[in-house]
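Each chain, letter by letter, is given below.
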Amino acid sequence: MVDLLRSAYYAVRRRLRPVKAGARRARDLLDRTLHPRRHRAARRLIADLRPGSIVFVCLGNVCRSPYAEWTARPRLGPSVEVSSAGFIGPDRAPPDTALDVARARGVDHGASRSTLVTQASLAGVDLAVVFDAAHGRRLRRMAPVPVVHLADVDPRWWGERTIVDPWGKESTAFEYTFDRIDSGVGALARLMTEP
């Protein structure tokens with residue numbers, strides 16, 4: 001009986017693959033179409049806020065958000081308080097692959113330890129920056145903090161809106177994700193220093 005159920009489960013999964021792939025392509029097409037509008041909205045939000053404190057938020061606060069934090073600090077300067085947080089697993093170090101790829105780019109964030117984002121930690125933050133739309137929705141439910149997607153800040157369209165979590169993947173996945181973060185953080189820094 002268990003083998004029969006397992007067999008049926010995998011048969012359904014195989015049949016759903018094309019449906020999921022089609023849905024992903026449709027979502028990416030919609031995101032591509034909306035990117036110019038979202039970019040303009042992100043520019044307006046940052047220009048209106050002129051944030052003095054920014055928190056980068058991803059799921060575990062070990063791959064994307066700590067790299068963004070340590071990349072943004074020197075670009076935004078001492079007048080902007082920059083931090084990062086996540087939704088799960090406090091007090092964890094970034095994986096070795098993340099540290100190696102970051103060091104090759106001149107970023108040493110080995111001292112970083114994951115922290116949890118909470119309603120209290122968001123209280124003094126001017127702007128939260130996310131890498132995934134679901135995380136933005138989750139933050140908005142937690143606290144009334146302005147949220148922007150880093151992909152929307154970046155004028156360049158990379159083929160998908162989500163800046164994928166490279167956790168557990170090869171160094172090439174970290175390279176791609178960090179390329180996107182570098183591009184987005186660079187755009188954020190330029191927007192914040194515009195007159």
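Above this text sits the structure in question.
Residues numbered from 1 in each chain as written. Predicted model: local features only at pLDDT ≥ 70, side-chain atom pairs only at ≥ 80, totals over all residues. Heavy atoms only, no water.

Details of the side chain of His149
1) Next: Here His149 is to be found in strand 4 (residues 147-149).
2) Next: A polar contact of 3.4 Å, which involves the side chain of His149, links it to the backbone oxygen of Phe131.
3) Next: Here Ala151 takes part through its backbone nitrogen, which lies 3.1 Å from a polar atom of the side chain of His149.
4) Next: Aside from chain neighbours lying at most four places away, what touches His149 is Val130, Phe131, Asp132, Ala133, Arg161, Thr162 and Ile163. (Helix = DSSP H or I, 4+ residues; strand = E, 2+ residues; numbered from the N terminus. Polar contact = N/O pair within 3.5 Å; in protein donor to acceptor, adjacent residues only side chain to side chain. Contact = heavy atoms within 4.5 Å.)

A word on the nonpolar core
Soluble globular proteins tend to bury their nonpolar side chains together.
1) Next: Judged by nonpolar contacts, the single largest core of 34 residues is most densely connected at Ile54, Phe56, Val153 and Ile181.
2) Next: Of all the elements in the fold, those that place two or more residues in this core are helix 1 (2-49), strand 1 (53-58), helix 2 (64-76), helix 3 (96-104), strand 3 (127-130), helix 6 (150-153) and helix 7 (171-193).
3) Next: If one sorts the elements of this core by residue count, helix 7 sits on top with 9 residues.
4) Next: Look past the residues within four positions of Val153 in its chain and what remains in contact with it is His39, Ala42, Ile46, Val148, Gly184, Ala187, Leu188 and Leu191.
5) Next: Core analysis: the next-biggest nonpolar cluster, separate from the first, contains 13 residues, Ala85, Phe87, Leu122 and Val147 among them. (Core = buried A, V, L, I, M, F, W, Y, C linked by side-chain atoms within 4.5 Å. Buried < 20%, exposed > 50% of the residue type's maximum accessible area, 1.4 Å probe, protein only.)

As for the pairing of strand 3
1) Next: A two-sided burial pattern is seen for strand 3, the buried positions comprising Leu127 and Val129 on one face and Ala128 and Val130 on the other.
2) Next: In the sheet, strand 1 pairs with strand 3 via 4 bridges, with the strands oriented parallel. Across the sheet, the residue bridging to Ile54 is Leu127, located in strand 3.
3) Next: Judged from the 3 bridges that link them, strand 3 and strand 4 form a sheet pairing that is parallel. Among the inter-strand pairings, Ala128 is bridged to a residue of strand 4, identified as Val147.
4) Next: At this point the chain moves from strand 3, through helix 5 (residues 133-142), to the parallel strand 4, and the crossover so formed is right-handed. (Pairing = 2+ DSSP bridges. Right-handed = clockwise from strand over helix to strand, strands pointing away.)

Comments concerning the sheet that holds strand 3
1) Next: Read from one edge of the open sheet, 4 strands run 2-1-3-4, paired in parallel fashion. On the outer flanks of this sheet lie strand 2 (81-86) and strand 4, each paired with one strand and no other. Going across the sheet, the axis of each strand differs from the next one's by a mean of 25 degrees, ignoring polarity.
2) Next: Bridging between strand 1 and strand 2 involves 6 bridges; their strand directions are parallel. Within strand 2, the position partnered with Phe56 by the bridge is Ser84. (Axes fitted to C-alpha atoms, helices over the stretch in contact; angles between N-to-C directions.)

Comments concerning unusual backbone geometry
1) Next: We note that Arg50 has phi near 45 degrees; this positive angle belongs to a residue other than glycine.
2) Next: Structurally, Arg50 can be placed in the loop between helix 1 and strand 1.
3) Next: Among the residues examined, Arg50 registers a relative accessible area of 37% and is labelled partly exposed.
4) Next: Even without a glycine there, the phi angle at Asn61 is positive, about 60 degrees.
5) Next: Looking at the element boundaries, Asn61 is found in the loop between strand 1 and helix 2.

Comments concerning the layout of surface pockets
Over the atoms a probe the size of a water molecule is rolled, and this reveals where empty space is left.
1) Next: The calculated volume of the largest pocket comes to roughly 210 Å³.
2) Next: Only helix 1, helix 5 and strand 4 provide two or more residues apiece to the lining of the largest pocket.
3) Next: Considering only residue class, the lining of the largest pocket consists of 7 nonpolar, 2 polar and 5 charged. (1 Å grid on protein atoms, 1.4 Å probe; cavity = no way out; pocket = protein on both sides within 12 Å on 5 of 7 lines; lining within 4 Å. Points joined across faces, edges and corners; volume = space filled by probe spheres on them. Nonpolar A, V, L, I, M, F, W, Y, C, P; charged D, E, K, R; others polar.)

Comments concerning the environment of Val164
1) Next: One can find Val164 in the loop between helix 6 and helix 7.
2) Next: Contact partners of Val164, with chain neighbours within four places excluded, come to Arg64, Lys169 and Thr177.

Description of helix 2
1) Next: When the terminal C-alpha atoms of helix 2 are compared, their 18 Å separation across 13 residues agrees well with the 18 Å that a helix rising 1.5 Å per residue should span.
2) Next: Along helix 2, the positions that sit buried rather than exposed are Arg64, Ser65, Pro66, Tyr67, Ala68, Glu69, Thr71, Ala72 and Leu76.
3) Next: Buried residues in helix 2 make contact with strand 1, strand 2, helix 3, helix 5 and helix 7.
4) Next: Phi turns positive one or two residues past the end of helix 2, at Gly77, with a value near 85 degrees. (Expected span 1.5 Å × (residues − 1).)

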